[in-house]
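Coordinate inspection notes
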Amino acid sequence: MTDDVVRRVFQAVDSFDPDEFARLLAEDATLVFGNAEPLVGREAIATGLRTFFFTIGGLRHRIVRNWQVDADTIAETEVTYRRLDGKDVSVVAVSIWSTRDDGLISDYRIFIDLAPVYAA
């Protein structure tokens, strides 16, 4: 079941539609992207993703492997970003999220170095 859930989460992200991803979140969810300040609440997260998506041309995740420990999911991915100049850049990321009993994500953390995506 974990593989299906992980695929569904990254398909939502790769859709480039913040609202689709937000539907997977609890109303009071928290998202921390890299070393950025936490975003709290479904609307704040969707707005933050929308802002981030304006800085890139697209993205897609290749799931390398994933683990589940109780309500926590850990996913290692290779993320290919389409830069605004049309070039593709791939970086490794690890995402960790916690899911409530109702299946909604309550906490989502992304560990990634985006420097190559924005390098000159």
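What comes next concerns the included structure.

Conventions adopted
Each chain carries its own residue numbering, running from 1 in the written order of its sequence. The predicted origin of the model limits local features to residues at a pLDDT of at least 70 and limits the giving and counting of side-chain atom pairs to 80 or more, whereas totals for whole chains, interfaces and linings rest on all residues. Based on all heavy atoms of the structure, the side-chain values leave hydrogens and waters out of the count. Strands were regarded as paired on the criterion that DSSP finds at least two bridges between them. Note on conventions: DSSP H or I runs of at least 4 residues are helices, E runs of at least 2 residues are strands, and numbering of each starts at the N terminus. Burial classes follow relative accessibility: with a 1.4 Å probe on protein chains only, a residue under 20% of its type's maximum area counts as buried, one over 50% as exposed, and anything between as partly exposed. Centres within 6.5 Å make a pair out of two Phe, Tyr or Trp rings, where for Trp the six-membered ring is used; the pair is then stacked when the planes are under 30 degrees apart, edge-to-face when over 60, and tilted otherwise.

1. Things to note about the sheet that holds strand 6 (residues 105-112)
The strand order 2-1-6-5-4-3 describes an open sheet built from 6 strands, whose pairing is mixed. Looking at which strands have only one partner, the edges of the open sheet turn out to be strand 2 (39-40) and strand 3 (58-69).

2. Description of the pairing of strand 1 (residues 25-33)
Every regular strand shows the same layout, with side chains that alternate between the two sheet faces. The element strand 1 is extensively covered by neighbouring structure, given that 7 of its 9 residues are classed as buried. The antiparallel pairing of strand 1 with strand 2 creates a hairpin that spans 5 residues between the two strands, and Gly 34 there sits at a positive phi of about 60°.

3. Concerning the packing of aromatic side chains
Counted by the stated rule, this structure contains 7 aromatic pairs. For the pair Phe 10 and Trp 97, a centre-to-centre distance of 5.8 Å together with 70° between the ring planes defines the contact as edge-to-face. Of the two residues, Phe 10 is situated in helix 1 (residues 2-14) and Trp 97 in strand 5 (residues 88-99); the sequence distance between them amounts to 87 residues. A relative accessible area of 1% places Trp 97 in the buried class. Look at Trp 97 and Tyr 108: their rings are 5.2 Å apart centre to centre, the planes differ by 0°, and that puts the pair in the stacked class. Highlighted residues: Trp 97 in strand 5 and Tyr 108 in strand 6, separated in sequence by 11 residues.

Honestly, it's all geometry; don't read function into it.
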